[in-house]
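Close look at the chain arrangement
So the chains spell out like this:
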Amino acid sequence: ERTYKPVSYVDQMAIHFSMDGNLILKDSDEGRRQNARLSIEEGKFLKTQSFLPPLEDSAIISEEAEIKDAESTEDAQAAGEEEAEEAGTAEVAEAAEAEEPPPPRPRERKLANQFNFIERASKTLNNPLRERACQSEPTPCKNFSATANQWEIYDAYVEELEKMEKSKEKEKPRAHIAKKEEKRKDRRSTSLESQSDDITKVSKAAKIMERMVNQNTFDDIAQDFKYFEDASDEYRDQQGTLLPLWKFQYDKTKRLAVTAISWNPKYKDLFAVGYGSYDFMKQSRGMLLLYTMKNPSFPEYVFSSESGIMCLDIHSDHPHLVAVGFYDGNVAIYSLKKPSSQPSYRSSAKLGKHTDPVWQVKWQKDDMDNNLNFFSVSSDGRIVSWTLVKNELVHTDVIKLSVEGATMQGPEGLQLQTLGCGTSFDFHKKIDYLFLVGTEEGKIYKCSKCYSSQFLDVFEAHHMAVDAVSWNPYHMKVFISCSSDWTVKIWDHTIKTPMFIYDLNSAVGDVAWSPYSSTVFAAVTNDGKAHVFDLSVNKYEAICTQVVVAKKKNKITHVRFNPVYPVVIIGDDRGHVTCLKLSPNLRRMPKEKKGQEVKKGPEVEIAKLDKLLNLVREPASRA
């Protein structure tokens, strides 16, 4: 048995050839011995599964000696082989020296890392997982059980067939009647379409003919409107008169009061009139009529409403749109282009309508998105901005008229703040954010659109409700107010005391500035009189006081100046609207001097009113 140095295995393994030609692998690792027999069959080593028991210490020592002898013999053989190889190499070297040496190979240059590439890796945090769950109430369930027999199924089919037969019998006469009705409707629709086409063709010509007939009927009034000037004014010592012209009335508005009047800004002969009732015990329907001075016998447009109309205003850029406030707290927009009598847009309880009557509405400039916008004031103490967005009125509360020091004790010790009742308001002609609000308590609040929680100033103006408040069209600081306490007051909004006070001996329903002069205004009272003032002529009393309504129980409610013609329209409590012409003394302009041109324009009007106010102002306020 021969022992060889371990080959391609761990150092503790030794290879032994046995006499029978088998190869034995021995492992001497601390007393452990694992032997395998490899038999040579047909030139292949076959691994046998037989394992020998571990060797004893003496056997291990003899095996180590045998391994050392084998190593010495192997070293001797290796030395002989090396000497033979050296002799062979010497011969090869002599033959190579005889030949020419090969050219030297160029040394390969290593390329530098131009990109400075560094491979790095990082691990990100995983998002924490969260679980949410909700538990709902189980849906109510009911157990139902029944047995379906053949006779029950048969009875159900029989009932269904009987129902179908009955329905067919009923549909036969209905179908016959429906065919007849369709034929009638077709005939009616064709006749109505032909009639409407004929009416549209004839309507314009008929309207022109109607106006021509009315002009012939009221020819003397038309002549007075155009040419008449009262020559007696020269002998009246600066007093003037009002010449009655047309009287506008409609049969369906006899029992309604004129609650609002407004001239159309584009068509100077057209004006809108709102009808309702100021008596809360006698509330009924309302109407909106539009008259023209070319046809005083019949209105151009007629709109009816379920609630009384309390105020209206016509848009300056879109003269076909009329904003209206109702007694029930709603607001609406009527379009003159649409033939229907219903408003095009209307508020509702869901859209934030007022809870009390709406006393005044005013169009304002369009918002940033070019949406139409108007404001309203009501007795519920809210000033609301209404914006027309996508065919719907959207409301925004601008300010609430809270009364200072007026708190009520509510349930459980709650403090309830009392709101003032707004009756009128007006926006400044030049300062867009500034506006005035008159209240039922007699106070006038100066407010701003930018501040919704507080007022800029408070004027203790009147002892009763403020019926109207209006900025001067020329002077930026001056406004006028009237009240049921019989007074008309002119104010400078920078001073808390009034500049002028006029007592008219009756409740004042309305007041209006003239468009042609900064010192002329008109007021109407409940005793049926119209008062016209010109401060530049007489700053103590009216230059014209005239009875417009004959009957004692009739009251004048509103007055408006025409923006172009020298006329005013006055509405009363019986649904009548009267047009009156101002005499020359009531619209006196500066006289022309020889060799000098008469100065005209807003600067002249502002200077004229400033001159009067300086006489009244205190020295400290003048400075």
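What comes next is a walk through the structure.

Reading the values: the criteria
Residues numbered from 1 in each chain as written. Predicted model: local features only at pLDDT ≥ 70, side-chain atom pairs only at ≥ 80, totals over all residues. Heavy atoms only, no water. Salt bridge = Lys/Arg side-chain N within 4 Å of Asp/Glu carboxyl O. Helix = DSSP H or I, 4+ residues; strand = E, 2+ residues; numbered from the N terminus. Buried < 20%, exposed > 50% of the residue type's maximum accessible area, 1.4 Å probe, protein only. Pairing = 2+ DSSP bridges. Phe/Tyr/Trp six-rings, centres within 6.5 Å; stacked < 30°, edge-to-face > 60°. Lys NZ or Arg CZ within 6 Å of the ring centre and 35° of its normal.

The next point concerns the pattern of salt bridges. This structure, assessed with the given rule, holds 12 salt bridges. Close ionic contact of E300 with R211 constitutes a salt bridge, the shortest N to O distance being 3.4 Å. Of this pair, E300 sits in the loop between β9 (286–292) and β10 (301–305) while R211 sits in helix α2 (residues 150–217), and the two are 89 residues apart along the sequence. Owing to a relative accessible area of 26%, R211 belongs among the partly exposed residues under this scheme. Residue R346 is joined to D328 by a salt bridge in which the shortest nitrogen-to-oxygen separation is 3.7 Å.

Position of V437 among the secondary structure elements: in strand β22 (residues 434–439). Separated by 33 residues in the primary sequence, V437 and S470 place their C-alpha atoms 9.7 Å from one another.

With respect to topology, four strands assemble into an open sheet ordered β11-β12-β13-β14, the strand pairing being antiparallel. In this open sheet, the two edge strands, each paired with only one partner strand, are β11 (309–314) and β14 (345–346).

Positioned with a positive phi, K390 is a non-glycine residue whose angle comes to about 55°. Mapped onto the elements of the fold, K390 is located in the loop between β17 (382–388) and β18 (393–400).

Across the six residues of strand β29 (residues 508–513), six count as buried, placing the element largely inside the fold. Examined bridge by bridge, β29 and strand β30 (residues 520–525) share five bridges and lie antiparallel to one another. Bridge assignment links D510 to a residue of β30, and that residue is V524. The antiparallel hairpin formed by β29 and β30 contains six residues in its connecting segment.

Attention now goes to the packing of aromatic side chains. As enumerated under the stated definition, the model contains 24 aromatic pairs in all. Taken together, a centroid distance of 5.6 Å and an interplanar angle of 80° make the contact between Y250 and F298 edge-to-face. Taken as a pair, Y250 in the loop between β6 (242–248) and β7 (257–263) and F298 in the loop between β9 and β10 lie far apart in primary sequence, 48 residues in all. An aromatic cluster is present here, built from F500, Y502, W513, F521 and F533 joined pairwise through their rings. Directly above the ring of F326 sits R346, whose terminal nitrogen or CZ lies 4.8 Å from the centroid.

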